[in-house]
Amino acid sequence: MVLSPSGDVSTSSVGLCSDYYFEYTECDSTGSRWRVAIPHTQGGCTGLPDPVRGADCTFSCEAGEFLEMSAQECTECAAGTYSLGSGIRFDEWDDIPAGFSSLTTYLDNGSSWVPQGNYLESNRDECSVSLIYAVHLKKPGSISFEYQYEDNNVFFEFFIQNDQCQEMDQNSDKKWIKLTSNGEWRTHTVGLKSGTNIMYWRTTGIMVGAKVVKPVLLKNIQIEGVAYTSECFPCKPGTFSRSPGSSSCELCARDTYSGRGASSCTACDQDTHYSGERGSALCKIKPPCTKKDYFQIHTPCDSQGKTQIIYKWIEPKICLDDVEGSVALPPSGEREPCPPCNPGFYNNDTATCSPCPAGTYSDGVKACQPCPAGTEPALGYEYKWWNVLPGNMKTSCFNVGNTKCDGMNGWEVAGDHIRSGAGGSDNDYLILNLRVLGFKLPTSVSGTSGTEFGRISFVFETICSADCELYFMMVSDTNVVESWEGSKERQSYTHVMTKNASVSYTWAFQRTNQAQDVRQYVNDMVKIYSITVTNALDGVAPSCRACALLTQQSGSSCVPCPAGYYIDKVTNQCQECPPDTYLTGHQIYGKEACLPCGPGSKSNKEHSMCYSDCSFTHTEQNQTLVYDFSALGPVGSIMNGPSFTSKGTKYFHLFNISLCGTEGQKAAVCSDNVTDLSHKDPQSPEAAELANSVQTFICQSTIIPSDGRGLRASLSSQSISLADTFLGTAVESTLDGVTARPDLFPETSKKVPDVNFFYRYNSPQVTSSCESGRHAVVTLRCNPEKSSRGELSVPSQCPAGTCDGCSFHFLWESSSACPRCTEADYHEIEGACKGGVQDTLYVWNEHRLCTGGVSLPEKKTWPCEAIDFWLKVGAGVGAFCAVLLVSLTCYFWKKNKRLEYKYSRLVMSANKECELPAADSCAIMEGEGDGEELEDEVVYSNKPSLLGKLKAIATKVSFREERRFLLRFILGSLNFSCSTVC
């Protein structure tokens, strides 16, 4: 039996249907629709109510109401339930609600979004996983959700498609979700269009460094713009709504609980049970107390200046200390003298330390004293004694999935250090916060762009047995400044402030990021021994520092020095730093504060930094080489790879290099979440202003191409600075402890020397993997075959630009890396004299290795005269005569040899007998002499040539006369000798 729309009772003998519900049909073109009855069980069911005209398509109920379909009227929700009116909310995540689906779109290995009770957690691996939900809206609406997104090794995007699988128009700010700080829940809201909206929450992990990524957390998804809700939603366990018409449910208080659809909460038995947090769905039995349930603290100094260690139960106390197997609190320690006050404070015979009055200082032990003449208080904070928590610090506890530690102190003072507390669960964030109102530079220091306004330093250590992590953050910047995983030995860290603004420093310690509801690693902790902040606007003075005086007269007041000036130690007045030196920023007392720039570099006008003006000079082998690198000044880029992660994801390393010029401005920009590299210039001013970007001399980003993970656009992540300090330019391979590696870029032939640009990443923190810090060297190599911009490359042995993760090396081959041309790089060639004209040409030396500089001189033409023909003939005759003269000289030399021989024969024959020949026999007749001479000529001479015959004819008469005279003289001498002897 059912009630018809007309109110009549209708019956049927066959299968009367009483188990049905109402729904509206789709709206037609006139905006009308019908209400129809649909059975819960399909089958032979008769007697359903007839369709009736439904409410207008744009009709909706108010929050706290639902549409009662039988009467088609809005009805108030009952107590224990709630309604958004024209919206729906998903805030229970014990499992994935109906309508949602989790889809792995890359490397499907079973990864999915995981329900964690109060929130959803994304996958922790390298897969791409999407959470999908579809809704059909009759009118435009919106969707909002809360999320935590802390790890930039994960890409988190939210986009919407229509029923044709076409992506809706959406700007990058709405599509790419912004990072959050640790423990922060942020709300993201996007408008929805009428019709079908298919929503995607997609995460993509990139494990380039083989590091497990932190998951994205998602909760409280709310959609506005649905036409109606036909029923109210019951309050989830742990919540309640006490009155009808509620639009939301409230959390149950601590130590109370509730079931689903409750209008009130029930208290737990305080003696034996506890709930531990707000919003509990049940009460738990209190276990026996253990050592993990109490902690020790130092009591404040009493009137006698004494303190002692006492032990307290962790609140709220969730254990029993009076049952078998439980432990009791240890007895308190002995009373001992209180530590001294922190520097800048004094103890005026009271139990507390007070800050020194303005203009005075104290080391924490002595009373406050005024600063001497010529000095001023050095304002700041130096906390190294932890008897009480300083007034500008506070501590808290936070958990993303529960409220157990709400109201707890996250950190505890312990005399010579402050340490993390117990918390409520191991995945709590234990938070310590230090507030600084701003910074005040010393009177004598002028603030300029890039000035160091102050710095914070702290000494710490971590003791961990699980995957603990310590984060150091600044509230003014959502990015984590630095983090440390696992156990770390006692060490110091320093962060420099380059902006003058109010800031809140935060230390957050988490024992494990695995969701768990217990305290298993309560002994894992972090200890901070000291915290120092310089130039704090609201600080105290632990000491005094010198300042510049207006005059040297007694009582002169401190005055500011212009940028780039130091304080002279003798006169205490401002003096400008010498050229090409720079100031360290936080210390300007004495000329030694002006540090020299490296070779090949110069200082800017403010003497705040050194840079290269793109010029360089080098002298080698009495030759001066002049370089001009201006063409290499604009930012150069190189993308090397591809490389692949352990899961097969393809990625590239993108390097941007700002080599020289720009007055020292660090022009290289690397940005995270650059969604379309083809349409957005990463070096544009807009990119430099992004929160997740670095601007420096050399930076690196990891690029995931669109085809590497099935993405629709290329992604950029893990942007880091490799070099923020320019050290200098040199041909040598080592400068200031940084070494170039020429062996990584072998040369094929001998060329002009390479020029090395040396850089260092000036991080005060030296990591365990890079004991000497991070540095980079850009080697410029002359290659005339390259263009003026040339080509950047990395070593083939180290495709990531580094072989050890600390030293980065780049080669920039370019014609602009060649020295400037000079007169020594060309030579002249003189042409032949033709038609009374002679040309002089100028050509470059072979294997030219220079560019720019001087140009080749123009061709020169000179007048010349042709040589006369007879002058040529005379020259030929002269040459012939010279040859003839040489020949005759040789001939006479041979003849002299013959005469010596004959003379020797005559002497030997005369000595045999020792007798003088007869006078008539001593004479040589003219005929006989001629015959003998002819015989001699036959014996000693070869057949004469034509030239010999000519010589013989020319000298025949004179030669014979000379021979006769010589022979007679020789024979006469011999005759005289023999006569004398006989």
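Placed above this text is the structure.
Residues numbered from 1 in each chain as written. Predicted model: local features only at pLDDT ≥ 70, side-chain atom pairs only at ≥ 80, totals over all residues. Heavy atoms only, no water.

Peer 1: I tried to follow the overall build of the protein chain on my own but got confused; where do I start?
Peer 2: For the protein chain, the helix and strand inventory stands at 6 helices and 70 strands. Sequence separation of at least 24 residues holds for 66% of the intrachain contacts in the protein chain that already meet a minimum separation of 6. Surface accessibility of the protein chain: about 49900 Å² in total, with carbon and sulfur atoms responsible for 53%. (Helix = DSSP H or I, 4+ residues; strand = E, 2+ residues; numbered from the N terminus. Contact = heavy atoms within 4.5 Å. Areas by Shrake-Rupley, 256 points an atom, 1.4 Å probe, with all protein chains shown as cover.)

Peer 1: I keep staring at the sheet that holds strand β4 (residues 34–39) and nothing clicks. Help me out?
Peer 2: Backbone hydrogen bonds are what pair the strands of a sheet, in a parallel or an antiparallel way. Read across the open sheet, the 3 strands follow the order β3-β4-β5; overall the sheet is antiparallel. In the strand order of this sheet, the two ends are held by β3 (20–24) and β5 (52–53), each with one partner. Where β3 and β4 come together, 5 bridges link them in antiparallel fashion. Bridge pairing in β4 links Y21 to I38. (Pairing = 2+ DSSP bridges.)

Peer 1: Mind showing me how you'd approach the side chain of T360 here?
Peer 2: Considering the arrangement of structural elements, one finds T360 in strand β32 (residues 360–361). Judged by its relative accessible area of 13%, T360 falls in the buried class. Of the polar contacts made by the side chain of T360, one reaches the backbone oxygen of P357; its length is 2.6 Å. Dropping the residues within four chain positions of it, T360 is found in contact with C368, Q369, P370, P377 and A541. (Buried < 20%, exposed > 50% of the residue type's maximum accessible area, 1.4 Å probe, protein only. Polar contact = N/O pair within 3.5 Å; in protein donor to acceptor, adjacent residues only side chain to side chain.)

Peer 1: Before we go on, may I ask you to explain the packing of aromatic side chains in this structure?
Peer 2: For any two aromatic rings, the description comes down to two numbers: the centre-to-centre distance and the angle of the planes. Scanning all chains against the criterion turns up 39 aromatic pairs. Taking 5.5 Å as the distance between ring centres and 80° as the angle between the ring planes, the aromatic pair formed by Y20 and F22 counts as edge-to-face. The class of Y20 is partly exposed, set by a relative accessible area of 21%. A connected cluster of aromatic rings, assembled from ring pairs, spans F90, W93, F100, Y133, F145, Y147, Y149, F156, F158 and W201. The lysine or arginine in question, R35, covers the ring of F22, its NZ or CZ lying 3.9 Å from the ring centre. The residue whose ring lies beneath R848 is W844, and the NZ or CZ to ring-centre distance is 4.1 Å. (Phe/Tyr/Trp six-rings, centres within 6.5 Å; stacked < 30°, edge-to-face > 60°. Lys NZ or Arg CZ within 6 Å of the ring centre and 35° of its normal.)

Peer 1: It is not clear to me how the environment of S362 should be interpreted in this structure. Could you clarify?
Peer 2: Locating S362 in the fold gives a position in the loop between β32 and β33 (369–370). Along the primary structure S362 and P377 are separated by 15 residues, whereas in three dimensions their C-alpha atoms are 10.0 Å apart. Not counting residues up to four positions away in its chain, the partners in contact with S362 are P343, G344, F345, C356, A367, C368, A541 and P542. In this structure the side chain of S362 is engaged in a polar contact, spanning 3.4 Å, whose partner is the backbone oxygen of F345.

Peer 1: Explanation requested: the pattern of salt bridges in the structure shown.
Peer 2: Where charged atoms of side chains with opposite charge meet at close range, the side chains can pair. Under the counting rule described, the total for this entry stands at 17 salt bridges. Among the ionic pairs, R202 bridges to E157, the shortest N-O distance being 3.0 Å. You can see R202 sitting in strand β17 (residues 195–205) and its partner E157 sitting in strand β15 (residues 154–161), a full 45 residues away along the chain. The residues R202 and E157 share a single accessibility class, namely buried. Between K214 and E469 there is a salt bridge, and its shortest N-O distance comes to 3.5 Å. Of the two residues, K214 is situated in the loop between β17 and β18 (217–224) and E469 in strand β41 (residues 469–474); the sequence distance between them amounts to 255 residues. The same class applies to K214 as to E469, namely buried. A single salt-bridge network, built from bridges that share partners, covers E150, K214 and E469. (Salt bridge = Lys/Arg side-chain N within 4 Å of Asp/Glu carboxyl O.)

Peer 1: What is the right way to look at a nonpolar patch on the surface in this model?
Peer 2: A surface patch of nonpolar side chains, about 210 Å² in accessible area, is lined by I829, L841 and V843. Tracing the backbone shows L841 in strand β69 (residues 837–844). Look at L841 and you get partly exposed, because its relative accessible area is 38%. (Patch = residues over 30% accessible without salt bridge, like charges linked within 9 Å, V, L, I, M, F, W, Y side chains within 5 Å.)

Peer 1: Explain the state of the cysteines here, please?
Peer 2: Applying the stated criterion across every chain yields a total of 19 disulfides. Between the sulfur atoms of C61 and its disulfide partner C74 the distance amounts to 2.0 Å. Between C61 and C74 the disulfide shows an S-S torsion of about -90°. By sign, it is left-handed. On the criterion of sequence distance, the pair formed by C61 in the loop between β5 and β6 (65–68) and C74 in strand β7 (residues 73–76) is long-range, its members being 13 residues apart. Here C74 falls in the partly exposed class, since its relative accessible area comes to 30%. (Disulfide = S-S within 2.5 Å.)

Peer 1: What's the story with the nonpolar core in this structure? I'm lost.
Peer 2: Note that soluble globular proteins tend to have their nonpolar side chains buried in a common cluster. Residues L434, Y505, W507 and I531 are the most contacted members of the largest nonpolar core, which totals 54 residues. One finds C127, Y147, I177 and W201 within the second-largest nonpolar core, a separate group that totals 33 residues. (Core = buried A, V, L, I, M, F, W, Y, C linked by side-chain atoms within 4.5 Å.)

Peer 1: Mind showing me how you'd approach the sheet that holds strand β70 (residues 860–863) here?
Peer 2: Pairing is antiparallel across the open sheet formed by 3 strands, whose spatial order is β68-β69-β70. Only two strands of the sheet have a single neighbouring strand rather than two, namely β68 (826–830) and β70. Averaged over all pairs of adjacent strands, the angle between strand axes in this sheet comes to 25°, irrespective of strand direction. Where β68 lies against β69, 5 bridges are found, and the strand directions are antiparallel. Paired with H827 across the two strands is V843, which belongs to β69. (Axes fitted to C-alpha atoms, helices over the stretch in contact; angles between N-to-C directions.)

Peer 1: Please clarify how empty space enclosed by the protein should be interpreted in this entry.
Peer 2: Empty space left among the atoms is revealed by rolling a probe the size of a water molecule over them. Enumeration according to the criterion identifies 4 cavities of 30 Å³ or more in this entry. If you go around the largest cavity, you meet 15 residues; those closest to its centre are Q148, L217, Y429, Q510 and N513. Within the lining of the largest cavity, the residues separate by chemical class into 7 nonpolar, 4 polar and 4 charged. (1 Å grid on protein atoms, 1.4 Å probe; cavity = no way out; pocket = protein on both sides within 12 Å on 5 of 7 lines; lining within 4 Å. Points joined across faces, edges and corners; volume = space filled by probe spheres on them. Nonpolar A, V, L, I, M, F, W, Y, C, P; charged D, E, K, R; others polar.)

Peer 1: Got a minute to help me understand unusual backbone geometry in this structure?
Peer 2: Most peptide bonds take the trans form, and the phi angle of most residues other than glycine is negative. Although it is not a glycine, H607 sits at a positive phi angle of roughly 55°. Relative to the assigned elements, H607 resides in the loop between β51 (602–603) and β52 (610–611). Looking at H607, the relative accessible area reads 5%, which means it is buried. Of note, D736 is a non-glycine position whose phi angle comes to about 55°, a positive value. With respect to the helices, strands and loops of the structure, D736 is situated in the loop between β62 (734–735) and β63 (738–739).

Peer 1: Explanation requested: the environment of S122 in the structure shown.
Peer 2: Checked against the element boundaries, S122 lands in the loop between β12 (120–121) and β13 (128–137). The class for S122 is buried, based on a relative accessible area of 2%. Along the backbone, S122 and V216 are 94 residues apart, and their C-alpha atoms lie at a distance of 5.2 Å. Among all residues touching S122, those that are not within four sequence positions of it are S112, W113, T203, P215 and V216. From its side chain, S122 meets the backbone nitrogen of V216 in a polar contact 2.7 Å long.

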